[in-house]
Amino acid sequence: MKLADAPQLERYSGISTLGSRTVIKRLGLADYAPTYAAMRRFTDERDAATPDELWVLEHRPVYTVGIAGRAEHFPRASAIPVERADRGGQITYHGPGQAIVYALVDLARRGLTIRGMVTLLEQAVIDTLAVYDVRAARRSGMPGVYVDGAKIAALGLRVRRGCCYHGAALNVNMALAPFSAIDPCGYPGLEVTQTSALGIAAGTEEIGRALAERIVELIEK
């Protein structure tokens with residue numbers, strides 16, 4: 001099944017940014033499982049001429065667990081589904097009000113390593129927050145982006161056939177309580193924050209688009 005055949009993903013607006021080789025697609029509010037399947041399918045079916053794509057979306061409430069996920073970090077009991085994924089990292093939460101950008105990028109064609117792509121995504125988040133006068137930073141040994149020690153964005157990638165998928169999730173204006181039921185990204189007691197708590201009035205759609213456009217700028221350099 002082609003990506004266009006997936007009913008949950010067929011309504012989008014495609015945007016070619018800055019005349020680039022990257023297409024931004026806005027998928028709105030989407031369930032996790034079909035989106036994950038579509039990312040894998042896109043990666044398997046793409047070829048050397050396929051443009052890179054960034055998918056900007058929000059998910060309905062879901063916990064996702066990376067390949068390193070360990071049960072002691074999971075919620076003990078929750079009505080929120082837990083989905084396994086093939087990205088790196090441990091467990092995190094996604095829900096409405098979180099700006100997610102999935103990066104389906106041919107790393108080999110771009111001359112990027114996996115570490116280089118992670119760094120690029122982190123920098124894109126940092127740069128996007130700087131536009132709103134929020135100073136964010138990395139933490140050594142803890143992938144993601146932080147503001148005053150609290151995590152504001154989680155990252156995770158998978159590489160197959162020289163191409164990556166998954167991406168970055170930036171907390172904008174969401175219910176943060178589900179994070180308290182887990183050890184976010186495998187760190188007990190890790191504080192989590194979001195842009196609305198930092199005085200940023202911009203909504204999820206605006207910030208998601210700004211983040212995607214900054215990612216395009218960085219990978220097109």
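Here the structure is shown first, and the text comes after it.
Bear in mind that the values here come from a model prediction, so they are computed numbers and not experimental data.

The rules behind these values
- Residues numbered from 1 in each chain as written.
- Predicted model: local features only at pLDDT ≥ 70, side-chain atom pairs only at ≥ 80, totals over all residues.
- Heavy atoms only, no water.
- Helix = DSSP H or I, 4+ residues; strand = E, 2+ residues; numbered from the N terminus.
- Buried < 20%, exposed > 50% of the residue type's maximum accessible area, 1.4 Å probe, protein only.
- Contact = heavy atoms within 4.5 Å.
- Salt bridge = Lys/Arg side-chain N within 4 Å of Asp/Glu carboxyl O.
- Pairing = 2+ DSSP bridges.
- Axes fitted to C-alpha atoms, helices over the stretch in contact; angles between N-to-C directions.

## So, the overall build of the chain
Regarding its fold elements, the chain presents 4 helices and 11 strands. Burial analysis of the chain (221 residues in total) assigns 54% to the buried set. Taking as baseline every contact in the chain between residues at least 6 positions apart, the subset at least 24 positions apart corresponds to 67%.

## Notes on the pattern of salt bridges
As enumerated under the stated definition, the model contains 16 salt bridges in all. A salt bridge links Asp-31 to Arg-60, with the shortest nitrogen-to-oxygen separation between them at 3.1 Å. Placement of Asp-31 in the loop between β2 (22-30) and α1 (32-45) and of Arg-60 in the loop between β3 (52-59) and β4 (62-65) is noted, with a sequence separation of 29 residues between them. You can call Arg-60 partly exposed: its relative accessible area is 37%. One salt bridge in this structure joins Asp-52 and Arg-109, with 3.1 Å as the shortest N-O distance. Placement of the pair is Asp-52 in strand β3 and Arg-109 in helix α2 (residues 107-110), with a sequence separation of 57 residues. On the accessibility criterion, Asp-52 (0% relative accessible area) is buried. A cluster of three or more residues bridged by salt bridges with shared partners is formed by Arg-21, Arg-46, Asp-52, Arg-109, Arg-110 and Glu-220.

## Observations concerning unusual backbone geometry
Look at Asp-148: it is not a glycine, yet its phi comes out positive at around 50°. Considering the arrangement of structural elements, one finds Asp-148 in the loop between β9 (142-147) and β10 (150-160). Positioned with a positive phi, Arg-161 is a non-glycine residue whose angle comes to about 55°. Within the secondary structure, Arg-161 is located in the loop between β10 and β11 (163-171).

## Structural notes on the sheet that holds strand β6 (residues 91-94)
Taken in spatial order, the 3 strands make up an open sheet running β5-β4-β6, and their pairing is mixed. At either margin of the open sheet sits one strand with a lone partner, and together these are β5 (82-84) and β6. Along the sheet, successive strands turn relative to each other by an average axial angle of 30°, direction set aside. Of the strand pairs in this sheet, β4 and β5 are connected by 3 bridges, and their pairing is parallel. Bridge pairing in β5 links Val-65 to Arg-84.

## Quick notes on the pairing of β6
Along β6, one buried face is formed by Ile-91 and Tyr-93 and the opposite face, lined by Thr-92 and His-94, is buried too. Across 4 bridges, the pairing between β4 and β6 is antiparallel. Bridge pairing links Val-62 to His-94 in β6.

## Quick look at the environment of Ala-150
Examined against the element boundaries, Ala-150 turns out to sit in strand β10. With sequence-adjacent residues up to four places away left out, Ala-150 is seen in contact with Val-145, Glu-191, Val-192 and Thr-193.

## Overview of the environment of Thr-50
Topologically, Thr-50 is positioned in the loop between α1 and β3. With 56 residues separating them in the primary sequence, Thr-50 and Asp-106 have C-alpha atoms 8.8 Å apart. Dropping the residues within four chain positions of it, Thr-50 is found in contact with Phe-42 and Arg-109.

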